[in-house]
Amino acid sequence: MKTLNKKQLLDIALGATFLGCGGGFSRKSALSVLKRFPSDGIVNVASVEEAVKDKDKLTIMIAYIGAPTAITNIKYPTGALNAFDQAAAYAKRVYNKEIGYIIPVEIGALNTIAPCLEASERNVKVVEGDGAGRAVP
């Protein structure tokens, strides 16, 4: 299984900032949430094919939207973790399935890093890909 560590997440934040060209929030916003990620933490990564083949688990998408100026000083995104927990409860109640994967919505600093952190926090895998195939400015 492929994993990512904190240094790799920092590198990804830089690369996603470049590739996102302004979409998906700033590198500063990604770095502000990465501060909470443990130095010895890891993120488990799954391929798109792995997630598709796993019929027992569901995949959700995590995204932040809004003005870049409003998110500049974001603290760790507890709102997204709460949303994950609510989605997990709904998935269990309605589909009798667990969430096993999180996919980033787009290429961009925060919208690439936040799903990785949430996957690590909730012990699920992040899918190596993005839903939009680009940044959504």
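Bear in mind that the values here come from a model prediction, so they are computed numbers and not experimental data.

Quick notes on the rules
- Residues numbered from 1 in each chain as written.
- Predicted model: local features only at pLDDT ≥ 70, side-chain atom pairs only at ≥ 80, totals over all residues.
- Heavy atoms only, no water.
- Core = buried A, V, L, I, M, F, W, Y, C linked by side-chain atoms within 4.5 Å.
- Buried < 20%, exposed > 50% of the residue type's maximum accessible area, 1.4 Å probe, protein only.
- Helix = DSSP H or I, 4+ residues; strand = E, 2+ residues; numbered from the N terminus.
- Contact = heavy atoms within 4.5 Å.
- Axes fitted to C-alpha atoms, helices over the stretch in contact; angles between N-to-C directions.
- Parallel < 35°, antiparallel > 145°, perpendicular 65-115°, else oblique.
- Left-handed = near helix turned anticlockwise from the far one by under 90°.
- Nonpolar A, V, L, I, M, F, W, Y, C, P; charged D, E, K, R; others polar.
- Expected span 1.5 Å × (residues − 1).
- Salt bridge = Lys/Arg side-chain N within 4 Å of Asp/Glu carboxyl O.
- Patch = residues over 30% accessible without salt bridge, like charges linked within 9 Å, V, L, I, M, F, W, Y side chains within 5 Å.
- Areas by Shrake-Rupley, 256 points an atom, 1.4 Å probe, with all protein chains shown as cover.

With that out of the way, let us pick up the nonpolar core. Membership of the largest hydrophobic core comes to 26 residues, with the highest contact counts inside it found for L9, L34, V43, I102, I113 and L117. The biggest single contributor to this core is helix α6 (residues 109-121), with 7 residues. Among residues more than four places away in sequence, those in contact with V43 are K2, T3, L4, L9, F37, C116, S120 and V126. Membership of the second largest hydrophobic core comes to 5 residues, among which are A46, Y101, I103 and V127.

It is worth spelling out the environment of P104 at this point. Tracing the chain through its elements places P104 in strand β4 (residues 98-104). Discounting residues that sit within four places of it in the chain, P104 has contacts with M61, I62, N111, T112, P115, V126, V127, G129, D130 and G131.

Across the interface, helix α2 (residues 27-34) lies against α6 with an axial gap of 7 Å and an inter-helix angle of 20 degrees. The pairing of α2 with α6 is recorded here as roughly parallel in orientation. The handedness of the crossing between α2 and α6 is right-handed. For the pair α2 and α6, the contacting residues are R27, S29, A30, V33 and L34 in the first and A109, L110, I113 and L117 in the second. Of the residues that constitute the contact of α2 with α6, the class distribution is 7 nonpolar, 1 polar and 1 charged.

Let's shift gears to the environment of I107. Tracing the backbone shows I107 in the loop between β4 and α6. Expressed as a C-alpha distance, the spacing of I107 and I12, which sit 95 residues apart in the sequence, is 10.0 Å.

The phi angle at N96 is positive, at roughly 55 degrees, despite the residue not being glycine. Counting through the fold element by element, N96 comes out in the loop between α5 (78-95) and β4. Its identity as a non-glycine residue notwithstanding, N123 has a phi of 55 degrees, on the positive side.

Across its 13 residues, α6 extends 19 Å between first and last C-alpha, which sits within 8% of the 18 Å expected from 1.5 Å per residue. Along α6, the residues that are buried comprise A109, L110, N111, T112, I113, A114, P115, C116, L117, E118 and A119.

Attention now goes to the pattern of salt bridges. Tallied over the entire structure, the rule returns 7 salt bridges. Here E128 ties to K2 by a salt bridge, and the two come within 3.0 Å at their closest N and O atoms. With E128 in the segment after β5 (125-127) and K2 in strand β1 (residues 2-4), this pair connects stretches of sequence that are 126 residues apart. On the basis of relative accessible area, K2 is assigned to the partly exposed category, the value being 44%. For E98, the salt bridge goes to K57, with nearest N and O atoms at 3.3 Å.

A word on a nonpolar patch on the surface. The grouping of Y90, V94 and Y95 at the surface amounts to a nonpolar patch, some 310 Å² of accessible area in total. For Y95, the location among the structural elements is in helix α5.

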